[in-house]
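Summary of the model geometry
What follows is the residue order along each chain.
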Amino acid sequence: MSLGMTFFSIFIFPGLLYALPAGWFMVWLQRKTEARLQKRLGPPFFQPFFDFVKLLYKNSVFQPGLNGILMTFYPILASAALIGALSLLPVFSNRQGFTGDLVLLVALLEIPSISLVLAGFTSQSIFGAIGSIREAVLSITYNFSFLLAIVVLALDAKTLQLSILSESPLTLARGIALIAILLCLPAKLHLNPFSQANAEQEIYTGSLTEYSGIQLALWELAHSLEWVALTGLVASLVLPRTGVWYLDVFLFLITSFILVILLAAISAGTARVKIDQAVRFYVRWGLIAGIAALIVALLSPGIGL
Amino acid sequence: MNTIERLIIYSRTRSPWLFHINSGACNGCDIEFVSCLTPRFDVEQLGIRLQGSPRHADIVIISGPVTRKSLEPLITVYNQVPDPKVVVALGSCPASCNVFAGSPVVVGPLSRHIPVDVYVPGCPPHPEAIIEGISQAIKILAKKPVLKKEEVSP
């Protein structure tokens with residue numbers, strides 16, 4: 001990957017310049033879809049932007065010592081990791097990336113969840129600690145099926161390079177693996193029915209209870225970037241490559257936004273389940289989907305057991 | 001006032017997040033307040049969100065006549081809300097202690113303990129009146145300085 005291409009993918013597309021407005025748009029789309037499904041009007045179009053600017057210029061509570069530094073560091077780490085993950089997404093059909101960037105992508109996508117867990121414990125709030133424990137338990141359980149699905153994707157295409165992987169044809173094993181990834185998305189994005197980690201009726205806002213002002217603004221930013229990165233991952237893996245760059249980008253955007261509407265509809269149509277029920281769901285259905293994909297991939301003729 | 005400040009003030013008026021404190025109310029005002037979030041009144045179209053944590057709030061909504069037991073937590077939670085913040089007193093109880101006036105366990109009215117910006121009278125107030133009160137509070141919020149600390153002693 002050339003230096004110019006790296007710069008372009010980090011800062012312009014699908015990096016910062018695209019991800020910021022797209023993240024706000026996706027958060028608005030999710031809230032609007034949920035509101036319309038509940039027969040409400042929902043927030044105005046620029047709502048996530050207004051929330052962000054307001055929080056940026058609101059006084060934040062001063063936290064002394066190392067905790068204060070870490071409480072600012074964790075949201076920045078999460079946002080930076082997500083920008084990195086976005087820049088690795090294979091949107092264009094020309095060969096870019098490097099061998100093993102699939103592993104890097106998975107690692108970068110896991111950093112926001114880890115920093116959210118650490119952020120809750122660092123804030124020294126009892127609600128933050130409970131939220132962090134829930135987030136940690138959920139992330140361990142859904143990662144069984146998420147990582148299995150990633151392994152199947154790599155095994156099926158016989159590569160660890162995202163650009164080659166996204167261009168390989170859609171097989172049955174890959175379809176099941178994508179379903180397993182889709183099952184993990186509500187928990188990764190803290191949506192109903194797996195929103196136990198930020199359950200405002202039970203534990204205030206979970207890990208982010210003590211965060212205010214600019215730190216909370218950075219967390220909102222990280223959350224909107226997470227939307228772009230995760231829907232973008234599924235969109236770039238599920239789409240066929242046309243070879244025309246603007247058509248690729250157009251299909252990528254449309255699929256991402258359709259995924260947002262789908263996830264918002266699931267979120268509006270379900271209620272939050274208990275943490276043990278969520279764990280049971282992922283250990284049962286997530287693992288079934290993951291293992292089924294693995295078996296299909298191992299039995300397919302090209303692999304050769 | 002330059003463009004950035006105007007944008008900040010405008011964003012603040014378009015995204016007021018609420019935090020609700022019950023200081024010994026009979027729950028009547030709280031039910032009417034929650035109905036503002038329902039599809040019929042839907043305050044989310046004004047950018048309003050009910051927040052779980054006082055650290056995230058801009059507007060504090062307080063109902064109840066302030067009982068002796070709830071005074072200390074009330075002031076603690078009020079101080080936890082970062083500036084700029086506006087207080088809305090919901091119902092007749094925080095304004096005048098209502099039917100609980102004279103009770104030995106009631107230490108209200110609310111303005112004796114923390115500064116109140118908007119009163120929404122009624123027992124309970126109608127949801128339209130609550131939304132009107134919140135919109136008054138948003139106007140007060142817009143007049144607050146862009147970054148300035150305010151302290152209240154317990």
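Look above for the structure.
In this report, the structure presented in the accompanying data block is examined. (Residues numbered from 1 in each chain as written. Chains lettered and ligands numbered in written order. Predicted model: local features only at pLDDT ≥ 70, side-chain atom pairs only at ≥ 80, totals over all residues. Heavy atoms only, no water.)

1. What to know about the overall build of chain B
A count of helical and extended segments in chain B gives five helices and five strands. Secondary structure elements of chain B occur, N-terminal to C-terminal, as α-β-α-β-β-α-β-α-β-α. Scaling as 2.2 N^0.38, a compact globule of 154 residues should have a C-alpha radius of gyration of about 15 Å, and chain B matches this with 15 Å. In terms of overall dimensions, chain B has a C-alpha envelope of 50 × 40 × 25 Å along the principal axes. Counting every position in chain B, which comprises 154 residues, the buried fraction comes to 52%. When contacts within chain B are restricted to residue pairs at least 6 apart in sequence, those whose partners lie at least 24 apart make up 83%. Distance between charge centres in chain B, computed from 15 positive and 13 negative side chains, equals 4 Å. (Helix = DSSP H or I, 4+ residues; strand = E, 2+ residues; numbered from the N terminus. Rg over C-alpha atoms; globule rule 2.2 N^0.38 Å. Buried < 20%, exposed > 50% of the residue type's maximum accessible area, 1.4 Å probe, protein only. Contact = heavy atoms within 4.5 Å. Lys, Arg positive; Asp, Glu negative; His and termini not counted. Charge placed at Lys NZ, Arg CZ, Asp CG, Glu CD.)

2. As for the overall build of chain A
For chain A, the count of helices and strands is twelve helices and zero strands. When the helices and strands of chain A are read in sequence order from the N terminus, they spell out α-α-α-α-α-α-α-α-α-α-α-α. For chain A, whose C-alpha radius of gyration is 19 Å, the value lies close to the compact-globule estimate of 19 Å for 305 residues. Long-range pairs, those at least 24 residues apart, make up 79% of the contacts in chain A between residues at least 6 apart in sequence. Roughly 12700 Å² of accessible area belongs to chain A as shown, and the carbon and sulfur atoms make up 75% of that amount. A distance of 7 Å separates the average location of the 17 positive side-chain charges in chain A from that of its 14 negative side-chain charges. (Areas by Shrake-Rupley, 256 points an atom, 1.4 Å probe, with all protein chains shown as cover.)

3. Here we look at the interface of chain B and chain A
Contact residues are listed per partner, giving 31 residues for chain B and 31 residues for chain A. Of the roughly 2700 Å² buried between chain B and chain A, counting both surfaces, carbon and sulfur atoms make up 55%. Of all residues in chain B, the largest losses of buried area upon contact with chain A belong to B:E44, B:R55 and B:H56, amounting jointly to 23% of the total for that side. There are seven salt bridges connecting chain B and chain A. Remark: the boundary between chain B and chain A carries 18 residue pairs in polar contact (both at pLDDT 80 or more). Broken down by element, the side of chain B that touches chain A gets its largest block of residues, seven residues, from helix α1 (residues 3-14) of chain B. (Buried area = accessible area lost by both parts, 1.4 Å probe. Salt bridge = Lys/Arg side-chain N within 4 Å of Asp/Glu carboxyl O. Polar contact = N/O pair within 3.5 Å; in protein donor to acceptor, adjacent residues only side chain to side chain.)

4. Observations regarding helix α2 (residues 28-35) of chain B
For α2(B), the complete set of buried residues consists of B:G28, B:C29, B:D30, B:F33 and B:S35. Lining the buried residues of α2(B) we find β1 (17-22), β2 (49-50), β3 (59-63), β4 (86-90) and α5 (127-143) of chain B.

5. A closer look at helix α2 (residues 16-37) of chain A
Helix length check: α2(A), at 22 residues, gives a terminal C-alpha distance of 31 Å against a target of 32 Å (1.5 Å per residue), a fit within 8%. One or two steps after α2(A), the chain reaches A:K39, where phi turns positive at roughly 60°. (Expected span 1.5 Å × (residues − 1).)

6. Topic: unusual backbone geometry
Residue and element names in this part refer to chain B. Cis geometry marks the peptide bond from D83 to P84; its omega dihedral reads -5°. Looking at the element boundaries, P84 is found in the loop between α3 (68-80) and β4. With a phi close to 40°, D42 is a non-glycine residue in the positive phi region. The phi torsion at N98 lies on the positive side, around 50°, for a residue other than glycine. Relative to the assigned elements, N98 resides in the loop between α4 (92-96) and β5 (118-120).

7. Observations regarding the packing of helix α4 (residues 65-88) of chain A against helix α5 (residues 101-122) of chain A
Residues and elements named next belong to chain A. At a closest axis distance of 9 Å, the pairing of α4 and α5 adopts a crossing angle of 160°. Between α4 and α5, the crossing angle belongs to the class labelled roughly antiparallel. Here the hand of the crossing between α4 and α5 comes out left-handed. Across the interface between the two elements, N67, L70, M71, Y74, L77, A78, A81, L82, G84, A85 and L88 of α4 pack against D101, L104, L105, L108, L109, I111, P112, S115, L118, A119 and T122 of α5. Tallied by class, residues from the contact of α4 with α5 come to 17 nonpolar, four polar and one charged. (Axes fitted to C-alpha atoms, helices over the stretch in contact; angles between N-to-C directions. Parallel < 35°, antiparallel > 145°, perpendicular 65-115°, else oblique. Left-handed = near helix turned anticlockwise from the far one by under 90°. Nonpolar A, V, L, I, M, F, W, Y, C, P; charged D, E, K, R; others polar.)

8. Examining the pairing of β4(B)
Residue and element names in this part refer to chain B. The buried count for β4 comes to five of five residues, which makes it a mostly enclosed element. Strand direction decides the pairing type here: β3 and β4, joined by five bridges, are parallel. Residue pairing for β4: I59 is matched across the bridge by V86. Across three bridges, the pairing between β4 and β5 is parallel. (Pairing = 2+ DSSP bridges.)

9. Thoughts on the environment of B:I8
By secondary structure assignment, the location of B:I8 is in helix α1. With a relative accessible area of 4%, B:I8 lands in the buried category. Note: C-alpha distance between B:I8 and B:V146 (138 residues apart in sequence) is 7.5 Å. Here B:I8 is in contact with A:V53, A:Y57 and B:V146, once residues within four sequence places are set aside.

10. Concerning the side chain of A:N143
Residue and element names in this part refer to chain A. Inspection of the secondary structure puts N143 in helix α6 (residues 126-157). The exposure class of N143 is buried, given its relative accessible area of 11%. When sequence neighbours within four positions are dropped, the list of residues in contact with N143 reads E110, L148 and K188.

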